[in-house]
Amino acid sequence: QAQLVESGGGLVQPGGSLRLSCAASGTIFSINAMGWFRQAPGKQRDLVATITSGGSTNYADSVKGRFTISRDNAKNTVYLQMNSLKPEDTAVYYCNLLKRLIDWGQGTQVTVSS
(Lines give C-alpha, C1' and ligand atoms only; values in the text may rest on other atoms or scores of the structure.)
Protein backbone atom coordinates (compact mmCIF):
# COMPACT_ATOMS: atom_id res chain seq x y z
CA GLN A 1 0.00 0.00 0.00
CA ALA A 2 1.34 3.41 -1.01
CA GLN A 3 2.23 5.69 1.89
CA LEU A 4 2.86 8.79 -0.24
CA VAL A 5 0.47 9.86 -3.01
CA GLU A 6 1.19 13.03 -5.00
CA SER A 7 -1.40 14.79 -7.16
CA GLY A 8 -2.24 18.12 -8.75
CA GLY A 9 0.28 18.33 -11.57
CA GLY A 10 -0.52 19.24 -15.14
CA LEU A 11 0.30 21.42 -18.12
CA VAL A 12 0.44 25.16 -17.49
CA GLN A 13 1.71 28.19 -19.39
CA PRO A 14 4.64 30.26 -18.13
CA GLY A 15 3.44 32.61 -15.40
CA GLY A 16 0.66 30.25 -14.38
CA SER A 17 -0.02 28.49 -11.09
CA LEU A 18 -0.58 24.99 -9.76
CA ARG A 19 -1.19 23.52 -6.31
CA LEU A 20 0.29 20.10 -5.60
CA SER A 21 -0.93 17.79 -2.83
CA CYS A 22 0.80 14.94 -1.04
CA ALA A 23 -1.33 12.59 1.03
CA ALA A 24 0.61 10.64 3.64
CA SER A 25 -0.08 7.92 6.17
CA GLY A 26 -1.62 9.25 9.36
CA THR A 27 0.78 7.17 11.43
CA ILE A 28 3.82 9.07 10.16
CA PHE A 29 2.64 12.49 9.05
CA SER A 30 2.23 14.59 12.17
CA ILE A 31 5.60 13.67 13.69
CA ASN A 32 7.73 14.15 10.59
CA ALA A 33 9.22 17.06 8.74
CA MET A 34 8.27 16.84 5.06
CA GLY A 35 9.80 18.00 1.82
CA TRP A 36 8.96 18.48 -1.83
CA PHE A 37 11.50 17.28 -4.39
CA ARG A 38 11.62 17.52 -8.17
CA GLN A 39 13.43 15.70 -10.93
CA ALA A 40 13.67 16.61 -14.61
CA PRO A 41 14.78 14.03 -17.22
CA GLY A 42 18.53 13.49 -17.05
CA LYS A 43 18.82 15.61 -13.91
CA GLN A 44 19.28 14.86 -10.22
CA ARG A 45 16.37 14.85 -7.81
CA ASP A 46 16.55 18.15 -5.91
CA LEU A 47 14.93 19.32 -2.70
CA VAL A 48 12.88 22.45 -3.34
CA ALA A 49 10.89 23.09 -0.14
CA THR A 50 10.68 21.80 3.43
CA ILE A 51 8.30 22.12 6.36
CA THR A 52 8.82 20.91 9.93
CA SER A 53 6.21 19.37 12.19
CA GLY A 54 5.95 22.80 13.80
CA GLY A 55 5.40 24.60 10.50
CA SER A 56 8.80 26.17 9.86
CA THR A 57 9.59 26.38 6.14
CA ASN A 58 12.62 26.67 3.87
CA TYR A 59 13.00 26.95 0.11
CA ALA A 60 15.60 26.45 -2.56
CA ASP A 61 16.82 29.72 -4.04
CA SER A 62 15.35 28.76 -7.41
CA VAL A 63 11.78 28.77 -6.06
CA LYS A 64 11.94 31.22 -3.17
CA GLY A 65 9.26 33.89 -3.46
CA ARG A 66 7.24 31.83 -5.94
CA PHE A 67 6.45 28.56 -4.12
CA THR A 68 4.78 28.06 -0.73
CA ILE A 69 4.80 24.79 1.23
CA SER A 70 2.13 24.13 3.86
CA ARG A 71 0.63 21.23 5.77
CA ASP A 72 -2.74 20.19 7.17
CA ASN A 73 -2.17 17.63 9.89
CA ALA A 74 -5.89 16.86 10.20
CA LYS A 75 -5.88 15.79 6.54
CA ASN A 76 -2.42 14.19 6.63
CA THR A 77 -1.55 16.31 3.61
CA VAL A 78 1.29 18.60 2.56
CA TYR A 79 0.81 21.14 -0.22
CA LEU A 80 3.00 23.05 -2.64
CA GLN A 81 1.49 26.21 -4.07
CA MET A 82 3.46 27.14 -7.19
CA ASN A 83 3.05 30.61 -8.69
CA SER A 84 4.81 32.45 -11.52
CA LEU A 85 5.83 29.14 -13.04
CA LYS A 86 8.78 29.01 -15.43
CA PRO A 87 9.75 26.41 -18.05
CA GLU A 88 12.66 25.37 -15.84
CA ASP A 89 10.14 24.26 -13.20
CA THR A 90 9.14 21.40 -15.52
CA ALA A 91 9.78 18.14 -13.63
CA VAL A 92 8.18 15.28 -11.78
CA TYR A 93 7.44 16.43 -8.23
CA TYR A 94 7.67 14.10 -5.23
CA CYS A 95 7.16 14.40 -1.49
CA ASN A 96 8.89 12.49 1.28
CA LEU A 97 9.90 12.49 4.93
CA LEU A 98 13.10 14.40 5.63
CA LYS A 99 14.46 12.58 8.67
CA ARG A 100 14.38 9.20 6.97
CA LEU A 101 13.22 8.71 3.39
CA ILE A 102 10.59 6.06 2.78
CA ASP A 103 9.55 4.49 -0.53
CA TRP A 104 8.90 7.17 -3.14
CA GLY A 105 5.41 7.68 -4.50
CA GLN A 106 4.61 7.93 -8.19
CA GLY A 107 5.18 11.67 -8.29
CA THR A 108 3.13 14.16 -10.27
CA GLN A 109 4.22 15.69 -13.58
CA VAL A 110 4.42 19.46 -13.90
CA THR A 111 4.98 20.82 -17.41
CA VAL A 112 5.40 24.56 -17.98
CA SER A 113 5.25 25.37 -21.67
CA SER A 114 3.63 27.67 -24.22
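Preceding block: the structure.
In short, a report on the structure.

1. With respect to the sheet that holds strand 2 (residues 10-12)
Spatially, 2-10-9-4-5-6 is the arrangement adopted by the six strands of the open sheet, whose pairing is mixed. Each end of this open sheet is capped by a strand with a single partner; those strands are strand 2 and strand 6 (57-59). Mean inter-strand twist for the sheet, computed between neighbouring axes without regard to direction, equals 25°. With five bridges connecting them, strand 4 (residues 34-39) and strand 5 (residues 46-51) associate as antiparallel partners.

2. A short note on the packing of aromatic side chains
The tally for this structure, following the rule as stated, stands at two aromatic pairs. An angle of 75° between the planes, with centres 5.8 Å apart, marks the rings of Tyr 94 and Trp 104 as edge-to-face. Of this pair, Tyr 94 sits in strand 9 (residues 91-97) while Trp 104 sits in the loop between strand 9 and strand 10 (108-112), and the two are 10 residues apart along the sequence. On the accessibility criterion, Tyr 94 (11% relative accessible area) is buried. Exposure remark for Trp 104: the relative accessible area of 34% places this residue in the partly exposed category. What links up through ring pairs into an aromatic cluster is the set Phe 37, Tyr 94 and Trp 104. Directly above the ring of Trp 104 sits Arg 45, whose terminal nitrogen or CZ lies 4.3 Å from the centroid.

Here is what the cut-offs are and how they apply
Residues numbered from 1 in each chain as written. Predicted model: local features only at pLDDT ≥ 70, side-chain atom pairs only at ≥ 80, totals over all residues. Heavy atoms only, no water. Pairing = 2+ DSSP bridges. Helix = DSSP H or I, 4+ residues; strand = E, 2+ residues; numbered from the N terminus. Axes fitted to C-alpha atoms, helices over the stretch in contact; angles between N-to-C directions. Phe/Tyr/Trp six-rings, centres within 6.5 Å; stacked < 30°, edge-to-face > 60°. Buried < 20%, exposed > 50% of the residue type's maximum accessible area, 1.4 Å probe, protein only. Lys NZ or Arg CZ within 6 Å of the ring centre and 35° of its normal.

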